[in-house]
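# Structural description and commentary
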Amino acid sequence: MSDFDVDLFVVGGGSGGVRAARIAAGHGARVMIAEEYRFGGTCVIRGCVPKKLLVYASHVQHELADAAGFGWTIPQASFDWPTLIANKDREIDRLESIYAANVEKSGAQTVKSRAVFEDPHTLRLATGETVRARYVLIATGGAPNHGTIIPGIEHVISSNEVFHLPELPKRILIQGGGYIALEFACIFAGLGCDVTVVYRGDNILRGFDEDVRAHVRAEMEKQGITILTGCTVTAVDKHGTEYTSHLSNGSSVGSDQVMFAIGRHPNVANLGLEKAGVAIDPVIGGIAVDGFSQTSVPHIYAIGDVTHRINLTPVAIREGHAFADTVFGNRPVQVDYNEIPTAVFSQPEVGTVGLTEAQARAAFTHVDIYKASFRPMKATLSGRDTRVLMKLVVDGNSNRVLGCHIVGDEAAELVQVIAIAVKMKATKADFDATMALHPTAAEELVTMRTPFARYVREAAE
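None of these values were measured; they are calculated from a predicted model.

Before going further, it helps to spend a moment on the packing of helix H1 (residues 15-26) against helix H4 (residues 81-105). Axes are the key here: two packed helices are described by the angle between their axes and the distance separating the axes. One way to put it is that H1 packs onto H4 with a least axis distance of 9 Å and a crossing angle of 25°. Of the possible angle classes, the one that applies to H1 and H4 is roughly parallel. H4 is crossed by H1, and the crossing has left-handed handedness. Of the residues in H4, those in contact with Ser-15, Val-18 and Arg-22 of H1 are Tyr-99, Asn-102 and Val-103. When grouped by side-chain class, the residues that make up the contact of H1 with H4 number three nonpolar, two polar and one charged.

Moving on: the domain arrangement of the protein chain. According to the domain assignment, the protein chain contains domain 1 (6-141 + 267-329), domain 2 (145-262) and domain 3 (341-456). Taking only C-alpha atoms, the centre of domain 1 and the centre of domain 2 are 27 Å apart. Contacts between domain 1 and domain 2 engage 16 residues on the former and 19 residues on the latter. For domain 1, the biggest contributors to the area lost against domain 2 are Arg-46, Lys-51 and Trp-81; these three give 41% of the whole. Our count for the contact surface shared by domain 1 and domain 2 stands at one salt bridge. Taking the shortest distance from any N to any O, the salt bridge between Glu-183 and Lys-51 comes out at 3.1 Å. Counting the contacts that link domain 1 with domain 2 gives four residue pairs in polar contact (both at pLDDT 80 or more).

Attention shifts here to the UniProt feature "domain: Pyridine nucleotide-disulphide oxidoreductase dimerisation" (unreviewed entry) in the protein chain. Here, the residues flagged by UniProt with the feature "domain: Pyridine nucleotide-disulphide oxidoreductase dimerisation" (unreviewed entry) are residues 340-448. The span residues 340-448 is 33% helical and 29% strand by assignment, and the distance between its end C-alpha atoms comes to 24 Å.

The strand order across the open sheet formed by six strands is E17-E18-E21-E20-E19-E22, and the pairing between neighbours is antiparallel. Of all the strands in the sheet, the pair left with one neighbour each is strand E17 (342-344) and strand E22 (453-456). Strand after strand, the sheet turns through a mean of 15° between neighbouring axes, direction not considered. Where helix H11 (residues 411-423) meets the sheet, its contacts fall on E17, strand E18 (350-354), strand E20 (388-395) and strand E21 (401-407), and the angle it forms with E18 comes to roughly 10°.

The next subject is the pattern of salt bridges. If you walk through the whole model with that rule in mind, you get 33 salt bridges. Residue Glu-36 is joined to Arg-114 by a salt bridge in which the shortest nitrogen-to-oxygen separation is 3.0 Å. Taken as a pair, Glu-36 in the loop between strand E2 (31-34) and helix H2 (41-46) and Arg-114 in the loop between strand E3 (109-111) and strand E4 (115-119) lie far apart in primary sequence, 78 residues in all. On the accessibility criterion, Arg-114 (28% relative accessible area) is partly exposed. The partner of Asp-211 in a salt bridge is Lys-371, and the shortest N-O contact between them spans 3.1 Å. Linking Asp-211 in helix H6 (residues 210-222) with Lys-371 in strand E19 (residues 366-374), this pair joins segments that are 160 residues apart in sequence. Put simply, Asp-209, Asp-211, Glu-357, Arg-361, Lys-371 and Lys-391 are held in one network by salt bridges that share partners.

How each quantity is defined
- Residues numbered from 1 in each chain as written.
- Predicted model: local features only at pLDDT ≥ 70, side-chain atom pairs only at ≥ 80, totals over all residues.
- Heavy atoms only, no water.
- Axes fitted to C-alpha atoms, helices over the stretch in contact; angles between N-to-C directions.
- Helix = DSSP H or I, 4+ residues; strand = E, 2+ residues; numbered from the N terminus.
- Parallel < 35°, antiparallel > 145°, perpendicular 65-115°, else oblique.
- Left-handed = near helix turned anticlockwise from the far one by under 90°.
- Contact = heavy atoms within 4.5 Å.
- Nonpolar A, V, L, I, M, F, W, Y, C, P; charged D, E, K, R; others polar.
- Domains from an automatic or database assignment.
- Buried area = accessible area lost by both parts, 1.4 Å probe.
- Salt bridge = Lys/Arg side-chain N within 4 Å of Asp/Glu carboxyl O.
- Polar contact = N/O pair within 3.5 Å; in protein donor to acceptor, adjacent residues only side chain to side chain.
- UniProt positions renumbered as here; feature names shortened; annotations may be inferred.
- Pairing = 2+ DSSP bridges.
- Buried < 20%, exposed > 50% of the residue type's maximum accessible area, 1.4 Å probe, protein only.

Below is the structure:
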């Protein structure tokens, strides 16, 4: 008789954990997966999916404003925040039930409970029951990080609470300059709110291409969003139902809500990792893993945001699948982290894959930049003051396209397709040989013939 109750115990029912459980069960493993909150994890319950639904809602005001240029006369529209949230909640409920059902259909057992380590092979559930597992996969994700504790921090909401606000704030201050901060800044602005963004750096979207950063900021400011860089919130005072945020530059901002979106940290607290002997990476704060997602304990693995490698849902899913194939499918698989496409669902949208200009110039001796900034066709009649940015980063020696960066409508959809070409190591000549599809914005990607700039780095003596 086996000394183990299950072959695999998965801690965390998010996208990565669910994929691992399903694939492992498909390989014949006895699998149990525990989730203390709701199946689907951050992405489905309080992240990517509900956020994208709110993004769609915020676009409507722009479409209504643009309609006049195309001959439409539309009566004054009204918006109801509780209706949007209720409809969003129904869709999330539907998706959660699908996630749980698909796990059970695969043959894995689901448990709605927190699970913590008692020893390297034993997990204790909230009921007090213990489960012995041959292998354990940690997929507990991440959680919002408010940073340094400041006076009034108890008044600040995160991306968790923002989805459940009882009413739409007329004014909101958002601290942060990354994906989440900018996406919600544009959501609230699109719904008619007065939005102020506060960010400690010199410009938003740190880590993105410099042209993308400048373009997005200019477009957001055109929409009336106030962006204050080089400062932070040092204290928050509450006056009845209103708040005053005091900034490090000596100024203050009044609002009806204050939201911090300055980053997320791995969800490693109180899991009993010390009892299991699982090591934490001292630099990034996530669970330390190797290329196969194996921790310092050979039979314990970790995937997704809890490892703090690349915190994207499709990456966690790929890691979960690779783990299951490696351990239970007798097919060792390592995830390739190169050329991962990503998007920021701001307004305008950002889609990017591959190297930025700065990264390419640091790694290659010859770099060619192809860039176009233009008014989209739709704006010629709508009258909207907006521009699209398209940029290709090319290795001047091999002609290979190293990166593609787009800011504009449907940028994410475009970059998902372009990512295939970049992953296949397509050259600029391959792009040039592709027939343009007219009239589209994307045709610029195959019609840019003359480099905007060329950089040659001389070899060191």
